[in-house]
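Summary of structural features
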Amino acid sequence: MPPEKLKELLNWGYQHGVQHSKDVEFVQTPDKGISVVAKSEISNASFQVPIDIVIRRSLAEQLFQISSNHNTWLKFLVAKLKFDSNATVVESQNLKTKFAPYIDALPREIDSPLVWNPMELNELGNTNLGSSLTLKLESIFLEWKSAVIHLEECNEDARQEIVFTQQLLTQDKSSIFTNLTSKVFSSELQFSWWSFPAFLWSHLIFLSRSFPEYVVNPDADPSSVILLPIVDLLNHDYNSKVEWKRVDDSFCVQKLETVMAGQEICNNYGGKGNEELLSGYGFVLESNIFDTAALKVRLSQAVLTQILRETQIKLPNISDYTTSAFDFSAGRETVPVSGVDISKYEDGVLYLLSQSNSLCLDWLLDMFAFIEKSATESYVNLRPRLQGLQNLRAALEAKLATFRLVPEESQKQYSISTYRAKTAQVYKSGQTKIVKHAINELKRLEKEWTTKYKRDMLTVKKLMRIDQTFLEVELPAFLQLDDNSDIALDSYNTLFYLWVLCKHANGDVTQELRWVMDLYDTFTEVHENEPDVIDKETKFLHQTIFTNDSEKLSLKQLALAVKFVNANSYTRLSKGEMILVRNVNL
Ligand SMILES: C[S@@+](CC[C@H](N)C(=O)[O-])C[C@H]1O[C@@H](n2cnc3c(N)ncnc32)[C@H](O)[C@@H]1O
């Protein structure tokens with residue numbers, strides 16, 4: 001911000017009753033814009049803005065004569081104050097004149113990726129942020145569209161712009177940048193105050209500097225936002241201890257600690273990860289303890305209903321992650337009459353993984369185990385948990401691999417801002433670290449379980465070690481092989497089927513392996529009389545094993561053994577090997 005604009009803004013604020021601790025200085029910095037610095041040691045520094053110069057819902061209500069979608073209309077009001085050369089009169093007061101020093105001082109540029117050029121966007125790779133920007137733009141467009149059609153003064157022009165923008169949003173990054181997002185902060189271009197670029201500008205201003213209204217108006221909707229001149233010059237530090245409160249007729253931000261001379265006085269925007277900071281505010285924090293990586297899991301309606309009705313499994317939604325007074329959706333869940341609200345999961349269940357908290361990974365594991373369990377198992381049984389863990393690990397490995405993919409280079413050459421490239425790199429490496437950390441946690445957990453429940457698990461290798469005569473004596477006899485012929489097995493898993501069948505026929509099992517046969521006996525009792533649905537792999541296997549005498553073991557018996565092993569084992573991701581698991585609760 002040019003120094004004269006800052007001076008004008010501060011003088012305007014003081015004239016309207018803004019107060020702050022003395023010995024506070026507002027300075028321009030290279031990377032953060034304006035920063036507020038203590039000139040001497042200050043304890044409990046405070047900043048107060050009278051409600052009269054707060055840009056708030058009631059102004060938009062009076063101007064546009066509306067009683068809903070306040071935030072959207074507030075964005076239109078600010079766009080009007082910025083881009084309309086005509087007066088904006090509310091209760092005989094021209095808001096354009098009244099707020100001019102504030103509107104003039106608002107940032108010329110915000111580093112949100114929503115307005116990055118295609119080459120800069122490439123720096124984000126295939127991260128969540130990189131791949132969700134078009135959707136974000138679309139949702140801002142829908143917000144604008146739903147309101148702009150009610151503005152009579154621009155009706156026909158607005159309709160044309162709706163069609164144009166809708167079509168533009170289906171085009172590539174380059175066209176969207178050239179025809180829309182590059183215009184938002186261009187000082188040469190003038191557009192109508194009700195236009196989409198003007199709305200997008202205003203949206204970004206609100207995203208990066210609004211406060212919740214309920215601090216000064218307890219009756220306000222928790223999602224209602226306001227703009228606070230001058231107080232909004234305080235930058236973010238998640239370690240900063242601050243209080244937001246109403247003092248008389250003012251919004252007050254007060255530091256709850258002492259700041260030394262020369263130190264920056266920071267606000268605290270809440271515990272936000274770099275994805276949220278970058279998309280909303282255009283900056284990131286290195287080693288951000290609040291950093292998270294989002295994983296969205298889509299579940300069918302049937303599974304969702306079953307989980308919600310029958311289990312204690314936690315299905316988080318956005319309010320579970322609310323750590324900040326800047327998150328306005330907290331505590332506004334809707335619970336329908338039936339008591340089970342699945343509509344909030346229509347878009348998928350949102351899991352925010354972090355390095356500092358393993359709770360989310362536990363919730364994910366519960367859910368993956370639930371999806372994996374059979375009708376007779378519980379999601380806390382060892383087998384579905386181990387298989388769920390493998391599947392979750394595979395999903396995370398796949399996510400990690402997408403981070404490494406570099407999106408197509410854009411044809412056109414744009415210059416990449418060093419600052420933006422750096423923020424993209426910090427964000428991306430944070431995402432990678434979190435996902436890798438989750439994968440390592442899963443590996444650690446698998447090791448912990450497989451060590452603890454060693455006696456309840458059986459690999460083919462272990463089986464062959466314990467039952468050494470099986471391969472040499474029992475199996476050749478069972479398969480009625482000639483002395484010279486070798487056993488040709490297509491996979492290790494076949495040994496499991498044959499071992500189970502052979503032991504079932506011979507009834508001779510060592511104590512250590514008795515549990516497998518007990519499991520098999522129970523399994524056959526339950527499944528023996530089920531209709532025969534035999535897949536072609538099993539048919540083929542049957543022909544391969546019994547080349548001489550296919551009557552020795554019926555296809556049905558083999559199919560039952562295959563089904564048994566499949567139902568009671570999990571497959572390790574790294575080796576593709578099946579491991580039989582006893583039915584134990586974790
Ligand atoms: C509410 S404003 C704070 C005032 C801002 N410095 C200005 O000049 O208008 C939020 C913006 O400040 C900057 N900002 C705030 N905290 C920051 C931080 N810790 N690191 C880098 N930039 C920060 C970002 O540009 C962000 O969009």
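Residues numbered from 1 in each chain as written. Predicted model: local features only at pLDDT ≥ 70, side-chain atom pairs only at ≥ 80, totals over all residues. Heavy atoms only, no water.

This paragraph deals with the overall build of the protein. Along its length, the protein carries 20 helices and 17 strands. On C-alpha atoms alone, the protein measures out to a radius of gyration of 32 Å, which is more than a quarter above the 25 Å that the 2.2 N^0.38 rule sets for 586 residues. By principal-axis analysis of the C-alpha atoms, the protein measures approximately 105 × 55 × 55 Å. For the protein, buried positions account for 51% of its 586 residues. For the protein, the proportion of contacts with a sequence separation of at least 24, taken over those separated by at least 6, is 69%. With an accessible surface of roughly 28700 Å², the protein has 48% of that area assigned to carbon and sulfur atoms. (Helix = DSSP H or I, 4+ residues; strand = E, 2+ residues; numbered from the N terminus. Rg over C-alpha atoms; globule rule 2.2 N^0.38 Å. Buried < 20%, exposed > 50% of the residue type's maximum accessible area, 1.4 Å probe, protein only. Contact = heavy atoms within 4.5 Å. Areas by Shrake-Rupley, 256 points an atom, 1.4 Å probe, with all protein chains shown as cover.)

What follows concerns the sheet that holds strand 16 (residues 569-571). Strand order in this open sheet of three strands is 15-17-16, and the pairing throughout is antiparallel. The strands lining the two open edges of the sheet, one partner per strand, are strand 15 (457-458) and strand 16. Sheet topology note: the strand 15/strand 17 (residues 578-581) ladder contains two bridges and is antiparallel. The partner of Leu458 across the bridge, within strand 17, is Leu580. Sheet strands touched by helix 20 (residues 555-567): strand 16 and strand 17. Its angle to strand 17, the strand with the most contacts, is close to 85 degrees. (Pairing = 2+ DSSP bridges. Axes fitted to C-alpha atoms, helices over the stretch in contact; angles between N-to-C directions.)

What follows deals with the domain arrangement of the protein. Taken as a whole, the protein is organised into domain 1 (3-53 + 228-281), domain 2 (57-210), domain 3 (293-452) and domain 4 (456-581). The C-alpha-based centres of domain 1 and domain 4 are spaced at 72 Å. (Domains from an automatic or database assignment.)

Further remarks concern the UniProt feature "domain: SET" (unreviewed entry) in the protein. In the numbering used here, UniProt assigns the feature "domain: SET" (unreviewed entry) to residues 22-270. Regarding residues 22-270, the helix share stands at 38% and the strand share at 17%, and the terminal C-alpha atoms are separated by 26 Å. (UniProt positions renumbered as here; feature names shortened; annotations may be inferred.)

For Asp362, the position within the fold is in helix 12 (residues 359-372). Under the relative-accessibility criterion, Asp362 is labelled partly exposed at 36%. Expressed as a C-alpha distance, the spacing of Asp362 and Lys314, which sit 48 residues apart in the sequence, is 9.2 Å.

As a further point, take the environment of Lys575. Within the secondary structure, Lys575 sits in the loop between strand 16 and strand 17. Residue Lys575 is classed as exposed on the basis of its relative accessible area, which comes to 61%. Residues Lys575 and Gly13 lie 562 residues apart in sequence; the distance between their C-alpha atoms is 67 Å.

Across its 14 residues, helix 9 (residues 196-209) extends 20 Å between first and last C-alpha, which sits within 8% of the 20 Å expected from 1.5 Å per residue. With 13 of its 14 residues buried, helix 9 lies for the most part within the structure. (Expected span 1.5 Å × (residues − 1).)

To continue, consider the pattern of salt bridges. A full pass over the atoms with the stated rule returns 28 salt bridges. The residue Arg444 makes a salt bridge to Glu448 at a minimum N-O spacing of 2.9 Å. Remark: Glu448 and Arg444 occur in helix 14 (residues 418-452); sequence separation between them is four residues, near one turn of the helix. Judged by relative accessible area, which is 40%, Arg444 ranks as partly exposed. Here Glu448 falls in the partly exposed class, since its relative accessible area comes to 41%. Note that Arg514 is salt-bridged to Asp521, the shortest N-O span being 3.8 Å. Given a relative accessible area of 27%, Arg514 falls into the partly exposed group. You can call Asp521 partly exposed: its relative accessible area is 27%. When salt bridges with common partners are traced through the structure, they connect Glu109, Asp111, Glu120 and Arg420 into a single cluster. (Salt bridge = Lys/Arg side-chain N within 4 Å of Asp/Glu carboxyl O.)

Bringing the confidence of the model for the protein into the picture now. When pLDDT drops low, the exact placement of atoms in the prediction is not to be read closely. Overall, the predicted model of the protein reaches an average pLDDT of 89, with 93% of residues at or above 70. Of all the helices and strands in the protein, helix 19 (residues 536-545) carries the lowest mean pLDDT, 83, while strand 5 (residues 46-50) carries the highest, 98. Long-range and interchain partners of residues 323-338, a stretch whose pLDDT sits below 50, account for 38 contacts in this model, where long-range means more than four residues apart. (pLDDT = per-residue confidence, 0-100.)

Before going further, it helps to examine the site of the ligand. Neighbouring residues of the ligand: 14 residues in total, closest Lys32, Ile34, Asn235, His236 and Tyr281. Lys32 is positioned such that a nitrogen or oxygen atom in its backbone is 2.5 Å from a nitrogen atom of the ligand. Note that an oxygen atom of the ligand is positioned 2.7 Å from one of the backbone N or O atoms of Ile34. Its free accessible area being 560 Å², the ligand has 87% of it covered by the protein chains. Elements supplying a minimum of two residues to the shell around the ligand: strand 3 (33-38) and helix 9. The residue inventory of the shell around the ligand, partitioned by class, reads seven nonpolar, four polar and three charged. (Near = heavy atom within 4 Å. Polar contact = N/O pair within 3.5 Å; in protein donor to acceptor, adjacent residues only side chain to side chain. Nonpolar A, V, L, I, M, F, W, Y, C, P; charged D, E, K, R; others polar.)

This brings us to the sheet that holds strand 10 (residues 242-247). In space, the four strands of this open sheet follow the order 1-5-11-10, with antiparallel pairing throughout. Whereas interior strands pair on both sides, the edge strands pair on one side only; in this sheet they are strand 1 (19-20) and strand 10. Sheet topology note: the strand 5/strand 11 (residues 250-255) ladder contains five bridges and is antiparallel. Paired with Ser46 across the two strands is Gln254, which belongs to strand 11.

Under the criterion given, the structure shown has zero disulfides. Lacking any disulfide linkage, Cys252 is separated from the closest cysteine sulfur, that of Cys266, by 17 Å. (Disulfide = S-S within 2.5 Å.)

Time to look at the packing of aromatic side chains. Here the structure, examined in full by the defined rule, presents 21 aromatic pairs. Taking the centre distance of 5.2 Å and the plane angle of 80 degrees together, the rings of Tyr238 and Phe290 count as edge-to-face. In this pair, Tyr238 is assigned in the loop between strand 9 (225-227) and strand 10 and Phe290 in the loop between helix 10 (274-281) and strand 13 (293-297), connecting sequence segments 52 residues apart. The class of Phe290 is partly exposed, set by a relative accessible area of 30%. Feature note: the residues Phe64, Trp73, Phe76, Trp193 and Phe199 constitute an aromatic cluster, connected by ring pairs. In this arrangement the basic side chain of Lys80 is found over the ring face of Trp193, its NZ or CZ atom lying 5.1 Å from the centre. (Phe/Tyr/Trp six-rings, centres within 6.5 Å; stacked < 30°, edge-to-face > 60°. Lys NZ or Arg CZ within 6 Å of the ring centre and 35° of its normal.)

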